[in-house]
Amino acid sequence: MLLIKYTLLYAMVLMLVALGGCFSEHSGIINIALEGIMTIGGLVGIAMLVVMPAGTSNSVILLVSIGAAGLSGILYSALLAFASINLKADQTIGGTALNLLATALAVVIARRFNTGTQAAKLSYSNAPFIYNIGGLTVNIFLFIGIALLLLSIFIMYRTRFGLRLRACGEHPQAADSVGINVYHMRWWGVLISGFLGGIGGFAYIVPAVQTWNFEVGVAGMGFLALAVMIFGQWKPGRIFFAAMFFAVFKALANIADSTFLAALGWPKEIYNMMPFIASMIILAFTSKKSRAPKAEGIPYDKGSR
Amino acid sequence: MKKTKSPRLGGGNGLLTIGASFVCILIGLAFGFLFLMALSWINNPGSSFGFIVSRAWRYGFKPIIMGGFYLPPISIGQEIAAAAPLIMTGLSVGFAFKTGLFNIGAAGQYTLGAFGALYCAIILGLPWWACLIGASLFGAAWGAIPGIFKAYLNIHEVISSIMFNWIGLYAVNTIMYGGGTGPMYDASKTKTWNLRSLYPDSVIPDLGLGVFFKNRSTTIAIFLAIAVALVIAVVISRTTFGYELRACGYNRSAAKYAGISEKKSIILSMLISGALAGFGAGLYYLSAVAEWRPMESTALPAVGFNGIAVALLASSNPIGIIFSALFISHITIGGSLMNSQYFPPEIADIISGIIIYLCAFALLFQTMLSGRGRKKNAPPESPPASEPPAEDGEVPGKEANE
C-alpha cells in the first residue's frame, strides 16, 4: 500500500514536470531550468500555506496554494523565455543559471520565514491535500495530474495551437513562412512548462512531508523528469508510463526501511541512485531512435536560412 | 552536433570580452544590493530609506565587496584557500567549453575527486602529491563516462553528466559512511577523519603561508592551481593535441574529415575536464579546509556549479579563469562574513547565479559595448552554421565558447 501511495505521488510529479518539459521542447526551447522552476513553485506554494490563517477553508487553501505555485512557475520560467527567445542566449547555460539562482533564492526566502532559527526549513500542514479512499492514501495531485495529462494530450494533438507549437520545434523557418509567430509560440511553450513545473514542484513536496529544507532544492527531481521526458519520447501518453516506471524506483528509496527490503540491508542511497542509473541505461538503449524535436536548442533567427 | 557558433566571442578582441564580464559583474552586484535592501526593509518595516540603505551597506554589501579584506589576514587566507578548487572547477568547465562540450558534471567529478583524495590519504596513507594524483584519476574516470556515452551513443553530455552527478554523490556518501562504521568515517564527529592530526603527510604543505595568514588551510594549493591553469593555457592553444580537441568542438564532422579521431577527442576532453575537477577537490580536502560529511552532503558541492560561473566570466580563457575564480571566491567569502543575524550568506550565491544568467547573453553586452548594437538590430549570434540537423538522440545547442 505504501509502495502504491508513493509510486502514485512521484509518478504524478514526474509526469507533470515532464509534460512541462515536453511543451517547452516541442516549441524548440530546452528547459533545463525545470529543477529550479520546481523549487520556486514549491517554495511559493508552501509559503502560501504558511501565511494563510488557520481558519481558512480547505478549498480556498487548495486553490490559492496550487494557483500560486503554478503562477510563480510561470513567472520564473519567463526569465528563461526572455533570455533564450528574445536575447537568443544559450539555453543550457541560462537554464543552469536559473537552477542555481532558484536554490539560493529559496534558501534566502525560507530563512526569512524562520526569524528565530536560521534554518532554511518550512513547516506546514498538508491535511487538505490528502484523501483516504478505501485504505489507500491519495493526494489531490493525482486528480489534477490526470486532468492535466488529458488536457495536454488534447492540446498537443487536437488543437491548432498544439500543431503550431510542434511545428516551431521541428522547423521554425517553415512555421514562420506560413505566418506562425515563432517567438510567440516559444513563449507559450516555456510558460506552459513553467506552470506545470511549478505545480509539479509543489506536488513533490507537499503531500509527502510536513517540513522541507530548501537547501537541497528538489533534490534532482527536475532532472529525473527530463529523463522521463526523453524516455517518453516527447509524447504525453508515453510520458505517463515512463513516469510510472521511474516512480517505482523513487518510491522504493522512500520506503526501503519499512518493508521486506530492509532485510537486504542496503543503504537508502542505493535506491536513490537507482532512478538515475536506470535512466542512463534506458537512454543508452533508446538514443539511436530518438524522436526529439529537430530544432530544439537553437535560437530562432528570422534572418537565417 | 549543431552549433550556433559565434566568431566574435573571445575571437581576438579580449578587451571587449573583459568589458562584457564587468558589465555582468556590476549588474549582478547591483541586484545583490537590491536584495539586501529588500531584506533589511522586511526586517525593519517602516524605517527610513536612509536607514535601510545604510544597514544593507554596513552589514551586507560592504562585507561582500570587501570579501577577504574585511577581516585580514585570516579571511584573505580563506579566500585564497577557497579560490584554488574554484580555479580547478572553472578550468574543468572552461576546458570542456573550449572543446565544444558543456561539462555540467564538474560537481560530480569534484565529489569523486574528494573521495579519491580522502581514500588515498586515509586508507592508503599516501603522501599529498600521490593523493592529488588519486583525486585526479577518480575525477577523470567520472568525467570520461559521459564522454563515452557522448562519443559512442550520442547522448548529450549535459543529460548524462547530471545523472552521473547524482549517482556519484550517492555512491560516495554510501561508501564514506559505510553504515556508520566505514574506515574513513569518524562517527564521533559525523565526518571523515581529520587529516591534519592523523595523516599530516597527506596534507599539502603551506611553506609558511599558514603562519602568514594565521590560517592553516592556506597552503600552496593556490600555486598548484595557477600552475595547472598555465599548463592548460599552453596545451589548449599551442599544441596539436589542443588544436584537435578544439577542432572537434567546432565541427565534429569536419574534424573527422580532417583525420582527427573525433570519438577519442570527445572522450579525452571529458576525461581531462574530470581530472581537473578531481584535482580541485584534492586541493581542497588535502589542504584540510574541511572534512566530508556523508550524512549532510545531500546536495551537490556548490563549487562545481560555481565553476560554470568562473568559466563563463572568463570566456573560458585559462588565465582569465584564475582571476574570475578569485572574484567568485571573494564574494562567497564576503557573503559568509556578513552579519548572519541580518542577512543569509546565500546572497553571494544569488549574485553568482545572476552573473551566470547574464553571461548566457554576454554577447549582447559585447555588441552593445562595441557600439554596433544600435546600428543593426541583428541578433548577437551569427546564424546557425550550415550543418545538417542534429543527429538523433542529442540535445543540441551547445555553443562553442571560443
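The model shown is predicted, which means the values in this text are computed figures rather than measured ones.

*Asks:* Help me out: how do you make sense of the overall build of chain A in this one?
*Replies:* A tally of regular secondary structure across chain A gives eleven helices and four strands. Here the C-alpha radius of gyration of chain A, 19 Å, is about what a compact globule of 305 residues would show, namely 19 Å. Counting only C-alpha atoms, chain A reaches 60 × 45 × 35 Å along its principal axes. Across the 305 residues that make up chain A, the buried fraction comes to 60%. In chain A, the proportion of contacts linking residues at least 24 apart, taken out of those at least 6 apart, comes to 78%. Split by element, the accessible area of chain A, about 11400 Å² in all, is 68% carbon and sulfur. Each charge class in chain A was averaged separately, 20 positive and 10 negative side chains, and the resulting centres sit 8 Å apart.

*Asks:* Explanation requested: the confidence of the model for chain A in the structure shown.
*Replies:* As a note on interpretation, predicted positions should not be read in detail where pLDDT is low. Across chain A, pLDDT averages 81, with 91% of residues at or above 70. The least confident element of chain A, judged by mean pLDDT, is strand E2 (residues 130–133) of chain A at 73; the most confident is helix H8 (residues 182–205) of chain A at 89.

*Asks:* Hey, could you run me through the environment of B:Glu244 in this one?
*Replies:* Residues and elements named next belong to chain B. Within the fold, Glu244 resides in helix H10 (residues 240–250). According to the relative accessible area criterion, Glu244 is partly exposed, its value standing at 29%. A sequence separation of 80 residues divides Glu244 from Phe164, and the C-alpha atoms of the two residues are 26 Å apart. Filtering out sequence-adjacent residues up to four positions away, Glu244 remains in contact with Ile260 and Ser265.

*Asks:* What should I look at first to understand helix H13 (residues 302–313) of chain B in this one?
*Replies:* Since there are 3.6 residues in each turn of an α-helix, residues three or four apart along the chain are aligned in direction. All names here are of chain B. Compared with the 16 Å implied by 1.5 Å per residue over twelve residues, the 17 Å span of H13 between its first and last C-alpha is a close match. Counting buried residues along H13, eleven of its twelve residues qualify, which places the element largely inside the surrounding structure. Taken together, the buried positions of H13 are Val303, Gly304, Phe305, Asn306, Gly307, Ile308, Ala309, Val310, Ala311, Leu312 and Leu313. Backbone geometry just downstream of H13 places Ser315 in the positive-phi region, at approximately 50°.

*Asks:* Would you explain the interface of chain B and chain A in this entry?
*Replies:* Think of interface size as the accessible area that goes away when the parts come together; that is how it is often given. Counting residues at the interface gives 58 residues for chain B, matched by 54 residues for chain A. Between chain B and chain A lies a buried interface of about 4900 Å² when both sides are counted; carbon and sulfur atoms form 75% of it. On the chain B side of the interface with chain A, the three residues burying the most area are B:Met163, B:Tyr170 and B:Tyr357, jointly 14% of the side's total. At the surface where chain B touches chain A, the tally comes to zero salt bridges. The set of elements that each furnish at least two residues to the side of chain B that touches chain A consists of helix H1 (14–43), helix H5 (128–153), helix H6 (157–177), H13 and helix H15 (347–360) of chain B. A per-element tally of the side of chain B that touches chain A places H6(B) first, with twelve residues. Among the residues making up the side of chain B that touches chain A, the classes are represented as 39 nonpolar, eleven polar and eight charged.

*Asks:* Just to check I follow, could you spell out the layout of surface pockets for this structure?
*Replies:* Take a probe with the size of a water molecule and roll it over the atoms, and the empty space left behind shows itself. Residue and element names in this part refer to chain B. Roughly 580 Å³ of volume is contained in the second largest pocket. As for the second largest pocket, its lining consists of 23 residues, and the residues nearest its centre are Ile18, Leu313, Ala314, Asn317 and Gly320. Residues that form the lining of the second largest pocket fall into these classes: eleven nonpolar, nine polar and three charged.

*Asks:* Mind showing me how you'd approach the packing of aromatic side chains here?
*Replies:* Two aromatic rings, taken as a pair, are described by how far apart their centres are and by the angle between their planes. Residue and element names in this part refer to chain A. Within this structure, the stated rule accounts for 21 aromatic pairs over all chains. Residues Phe240 and Phe241 carry aromatic rings whose centres are separated by 5.2 Å and whose planes lie at 75° to one another, so their mutual orientation is edge-to-face. Judged by relative accessible area, Phe241 falls into the exposed class, the value being 58%. Linked through ring pairs, Phe231, Phe245, Phe246 and Phe249 together constitute an aromatic cluster.

Thresholds, definitions, all that
Residues numbered from 1 in each chain as written. Chains lettered and ligands numbered in written order. Predicted model: local features only at pLDDT ≥ 70, side-chain atom pairs only at ≥ 80, totals over all residues. Heavy atoms only, no water. Helix = DSSP H or I, 4+ residues; strand = E, 2+ residues; numbered from the N terminus. Rg over C-alpha atoms; globule rule 2.2 N^0.38 Å. Buried < 20%, exposed > 50% of the residue type's maximum accessible area, 1.4 Å probe, protein only. Contact = heavy atoms within 4.5 Å. Areas by Shrake-Rupley, 256 points an atom, 1.4 Å probe, with all protein chains shown as cover. Lys, Arg positive; Asp, Glu negative; His and termini not counted. Charge placed at Lys NZ, Arg CZ, Asp CG, Glu CD. pLDDT = per-residue confidence, 0-100. Expected span 1.5 Å × (residues − 1). Buried area = accessible area lost by both parts, 1.4 Å probe. Salt bridge = Lys/Arg side-chain N within 4 Å of Asp/Glu carboxyl O. Nonpolar A, V, L, I, M, F, W, Y, C, P; charged D, E, K, R; others polar. 1 Å grid on protein atoms, 1.4 Å probe; cavity = no way out; pocket = protein on both sides within 12 Å on 5 of 7 lines; lining within 4 Å. Points joined across faces, edges and corners; volume = space filled by probe spheres on them. Phe/Tyr/Trp six-rings, centres within 6.5 Å; stacked < 30°, edge-to-face > 60°.

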